Amino acid sequence: MSQTGPLTDSGLVQLLTPAGVRVEHPDYSPRIAHLDADALRGMYRDMVLVRRFDNEATALQRQGELGLWAQSLGQEAAQIGSGRALAPQDYVFPSYREHGVAHTRGVDLANLLRLFRGIDHGGWNPADHNFHLYTLVIGSHTLHATGYAMGVQRDGLVGTGDPERDMAVVAYFGDGATSQGDVNEALVFSAVNNAGLVLFCQNNQWAISESTTRQSRAPLADRGPGFGVPSVRVDGNDVLACYAVTAEALERARSGGGPTLIEAFTYRMGAHTTSDDPSRYRSSAEEEYWRQRDPIDRLRALLVAEGELSPEFETELDADSDALGERIRAAVHAMGRPATSSMFDHVYAGPNAIVDAERAWFQEYEASFLGGGEGAHR
Amino acid sequence: MSTTTGTQRITLAKAINLGLRRALESDPKVLLMGEDIGALGGVFRVTDGLYKDFGSERVVDTPLAESGIIGTAIGLALRGYRSVCEIQFDGFIYPAFDQITTQLSRMHYRSQGRLSLPVVIRVPYGGGIGAIEHHSESPEVLFAHTAGLRVVSPSTPADAYVMIQQAVASPDPVLFFEPKGRYWDKGDVDLDAPLVDSTGETGLDRAVVVRPGTDLTLVGYGPTVGTCLKVADAAAAEGTSIEVIDLRTLSPLDAVTVAASVRRTGRCVVVHEAPVLYGTGAEVAARITEECFYHLQAPVLRVGGFHIPYPVSKLEHEYLPSLDRILDAVDRSLAY
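Residues numbered from 1 in each chain as written. Chains lettered and ligands numbered in written order. Predicted model: local features only at pLDDT ≥ 70, side-chain atom pairs only at ≥ 80, totals over all residues.

S.K.: Which residues make up the overall build of chain A, and what values go with them?
M.R.: What chain A contains, in helices and strands, is 13 helices and seven strands. In summary, chain A has a C-alpha radius of gyration of 22 Å against a globular reference of 21 Å for 378 residues, a match within 12%. Based on the C-alpha atoms only, the size of chain A along its principal axes is roughly 75 × 50 × 40 Å. When burial is assessed residue by residue, chain A has 47% of its 378 residues classed as buried. Taking the contacts inside chain A whose residues are at least 6 apart along the sequence as the reference set, 75% of them involve residues at least 24 apart. (Helix = DSSP H or I, 4+ residues; strand = E, 2+ residues; numbered from the N terminus. Rg over C-alpha atoms; globule rule 2.2 N^0.38 Å. Buried ≥ 20, exposed ≤ 12 C-beta atoms within 10 Å, placed from the backbone. Contact = placed C-beta atoms within 7 Å.)

S.K.: Quick rundown of the overall build of chain B? Include the residues and the values.
M.R.: Across its full length, chain B carries twelve helices and 14 strands. Taking 336 residues into account, the globule formula puts the C-alpha radius of gyration at 20 Å, and chain B, at 20 Å, falls close to it. With respect to the principal axes defined by its C-alpha atoms, chain B has extents near 60 × 45 × 45 Å. A burial count over chain B gives 56% of its 336 residues as buried. For chain B, restricting intrachain contacts to residue pairs at least 6 apart in sequence, the fraction spanning at least 24 positions comes to 79%.

S.K.: Quick rundown of the pairing of strand E11 (residues 242-246) of chain B? Include the residues and the values.
M.R.: Residues and elements named next belong to chain B. Taking burial as the measure, the five residues of E11 include five buried ones, the bulk of the element. Of the two faces of E11, both are covered, the one formed by Ile242, Val244 and Asp246 as well as the one formed by Glu243 and Ile245. Relative to E11, strand E9 (residues 208-211) runs antiparallel, the two being bridged by three bridges. Across the sheet, the residue bridging to Val208 is Asp246, located in E11. Sheet topology note: the strand E10 (residues 216-220)/E11 ladder contains five bridges and is parallel. (Pairing = 2+ DSSP bridges.)

S.K.: Kindly report on the sheet that holds strand E4 (residues 82-86) of chain B, identifying the contributing residues and their values.
M.R.: All names here are of chain B. Spatial ordering of the open sheet is given by E3-E2-E4-E5-E7-E6-E12, a layout of seven strands whose pairing is mixed. One side of each edge strand has no neighbouring strand; the edge strands of this open sheet are strand E3 (59-61) and strand E12 (249-251). Put simply, the sheet's adjacent strands are angled 20° from each other on average, direction ignored. Taken strand by strand, helix H3 (residues 66-78) contacts strand E2 (30-34), E4 and strand E5 (120-125), and its axis lies near 170° from that of E4. (Axes fitted to C-alpha atoms, helices over the stretch in contact; angles between N-to-C directions.)

S.K.: For the confidence of the model for chain B, give the residues involved together with the corresponding values.
M.R.: Mean pLDDT over chain B stands at 97; residues scoring 70 or higher make up 99%. Taken together, the chains of this predicted complex give a pTM of 0.97 and an interface ipTM of 0.97. (pLDDT = per-residue confidence, 0-100.)

S.K.: Tell me about the interface of chain B and chain A, and name the residues and values.
M.R.: Contacts between chain B and chain A engage 36 residues on the former and 31 residues on the latter. Counting residues per element, the ones that place at least two in the side of chain B that touches chain A are H3, helix H4 (97-103) and helix H5 (107-110) of chain B. Split by residue class, the side of chain B that touches chain A holds 13 nonpolar, 16 polar and seven charged. (Nonpolar A, V, L, I, M, F, W, Y, C, P; charged D, E, K, R; others polar.)

S.K.: Quick one: what's the story with the sheet that holds strand E14 (residues 301-305) of chain B, residue by residue and with numbers?
M.R.: All names here are of chain B. Here we have five strands laid out as an open sheet, ordered E9-E11-E10-E13-E14, and mixed in their pairing. Two strands lie at the open edges of the sheet, namely E9 and E14, each paired on one side alone. Adjacent strand axes in the sheet meet at a mean angle of 25° when their direction is disregarded. Examined bridge by bridge, strand E13 (residues 268-275) and E14 share four bridges and lie parallel to one another. Bridge assignment links Val270 to a residue of E14, and that residue is Arg302.

S.K.: Outline the domain arrangement of chain B, listing residues and values.
M.R.: Residue and element names in this part refer to chain B. For chain B, the assigned domains are domain 1 (8-190) and domain 2 (208-334). Centre-to-centre separation of domain 1 and domain 2, based on C-alpha positions: 26 Å. At the junction of the two partners, domain 1 supplies 24 residues and domain 2 supplies 21 residues. Secondary-structure elements contributing two or more residues to the side of domain 1 that touches domain 2 are helix H6 (140-144), strand E6 (150-152) and strand E7 (174-179). (Domains from an automatic or database assignment.)

S.K.: Describe unusual backbone geometry, naming the residues involved and giving the relevant values.
M.R.: Of note, the amide linkage connecting Ser251(B) to Pro252(B) takes the cis form, showing an omega dihedral of 0°. Here Pro252(B) shows up in the loop between E12 and helix H9 (255-265). Even without a glycine there, the phi angle at Asn194(A) is positive, about 55°. One can find Asn194(A) in the loop between helix H7 (181-193) and strand E3 (197-203). We classify Asn194(A) as partly exposed; it has 17 C-beta atoms within 10 Å.

S.K.: Provide a residue-level description of the domain arrangement of chain A, including the pertinent values.
M.R.: Partitioning chain A into domains gives domain 1 (5-334) and domain 2 (340-378). Computed over C-alpha atoms only, the centres of domain 1 of chain A and domain 2 of chain A are separated by 40 Å.

S.K.: Run through the pairing of E2(B), naming residues and quoting values.
M.R.: Residue and element names in this part refer to chain B. Of all five residues in E2, five are buried, a share of seventy percent or more. In this structure, E2 lies alongside E4, joined through five bridges in parallel fashion. Pairing of Leu32 across the sheet is with Val84, part of E4. As defined by bridge partners, E2 adjoins E3 across three bridges and the pair is classed as parallel. Bridge assignment links Met33 to a residue of E3, and that residue is Val60.

S.K.: Talk me through the packing of helix H1 (residues 37-62) of chain A against helix H2 (residues 76-83) of chain A; I want residue IDs and the actual numbers.
M.R.: Residue and element names in this part refer to chain A. Relative to each other, H1 and H2 sit at 130°, their axes nearing to 10 Å. Judged on the interaxial angle alone, H2 and H1 are oblique. Both H1 and H2 take part in a crossing whose hand is right-handed. Between H1 and H2, the contacting residues are Met43, Asp46, Met47, Val50 and Arg51 on the first element and Glu76, Ala77 and Ile80 on the second. (Parallel < 35°, antiparallel > 145°, perpendicular 65-115°, else oblique. Left-handed = near helix turned anticlockwise from the far one by under 90°.)

S.K.: I'd like a description of H2(A), backed by residues and values.
M.R.: Residue and element names in this part refer to chain A. Along H2, eight of the eight residues are buried, which leaves the element largely enclosed by surrounding structure. Taken residue by residue, H2 has Glu76, Ala77, Ala78, Gln79, Ile80, Gly81, Ser82 and Gly83 as its buried positions. Among the structural elements, H1, helix H3 (99-104), E3, helix H9 (239-254), strand E7 (260-265) and helix H11 (295-305) are those in contact with the buried residues of H2.

Listed below in structure tokens is the structure:
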């Protein structure tokens, strides 16, 4: 696929070809030298499990158990590669498709579905995982990440040289988000403040129905230098390359070197969400082209070629995937409807007479129905 | 930079300046952010001297991007910092509208109380200063209509000094609307004023009766309170006793204090610079009608801006709720 503009595949850092053959890179190969067979199998396992979860969630939506689902299908390498490069103390601001990154942060994947089932706007405690809540307004959270990194600077947790202390902040966003003012302002604010931020753009080539060519004439990574932000284009379906470029950017952020823009060139193999129909705007030939570049197949080919994928491992992984699917289904079915009056909770951190009065009125109204009590009139 | 104490006669702008200074001194996590608030001291000089005394890490000149200011303040709040953001003029808040309404207002709610965003947004607002377009607006109800935000506006130096400190201490985001036409009005300020009363209440969610009366309740906030007091003087000369209420807070709205007054007076006129259509006056009128219908001698009347963009400055004194227009409404109410 040799194109010009934002969809060119030239200039990508690649450590693994689509056939699963290793490529040497003078700058980035050393960053994965310590990843032994166990580590690679771990990444493979992560990717397989996240895809199984993703497929299960799609099925649950089709069965009416979720209102909506945003698939991460095809973006597993970008998410697992970057996520596995993070240190525990690093802090992540995801968009809403970062299920793989959530997995690397120890978020129970079942809890991601609380938002999509309509029983919670969040679903996990960000402080438990250094993984912020999903943000649905495109690009807004890149500024939150920038501010958070400015706070980290003020806390003196950048450039101490202590690998257990120095922390970086990562914001994930997509190709469509790069058109938003907030993302451009995040580049401005992080640059002038030298904030320890990694702006990780997954260019999956489609913002719902709009190709990246509707967002930009140039590769998205080219925007970084104009802001004074170092940038790198990486093969987003190459888990090793994604790991390596993220590790480099994290190191720059933690050491006080400021922000980095990463463009991970990948492909949204599924629909934007379960409400979308990609057949209306893109060709099956294009989808087939990218199916041949599946990020999971690529790592699998490497492990097979290097004799590091035993039948026992695969059998066990199959069983674990099935168990995960079953656990997710059971967890979703067990998610009860929240108490009606809970909609009045946490609007304000302090007391609020207006909310209190409306809650009291509503409870009285509910109690007024025959048989009384919450939800009695439904 | 020792703290000033005792009672001083100072301007409203200076009162906010001293309140900010007090907040910076008492909590190292407090930051000021905004355009030109550093060496310049802000276009209205409200942050004058603070950059020199607290440094560029705590009094931060930001890039010229309002969404960026509020968005990064949110991130700083998630990291434990309390940012006080200055929006240079009312009409320039709109680039930040998305961050304020879709992010700042609901983080506590959507995180089920796990995340608080104690961010203050200072907004010089209102007209009457002969300014050019976008420098005289009153957008406060756009934010009062958004759950999760508090919206307050002081009318006196004494209130401004205390309320800005209370806003900084609030666990919730606060839109702090400063009546820029009153920045240079002077008043006595007790610089040792406590931020909470003996019961631990701030009163930041309370309206106050600033002048008692018996015949009609006149409700204003921010820049219109002073005008309402002049109206009360003029009416008194004609034998009419007007009770003046300073709302002080639009969210939450203290309709209880207004209703208690109207139950005594039977008449109510609400005054603000913002357009009356869907305005604070409409909300007050609806609540008063619901809560004290049988005490009303006349419909609740509103005096405020028209359903037009803020006019050119040569016409703004006809647009703004002047003493004569308010007196006209008072007369119409009394004539019922």
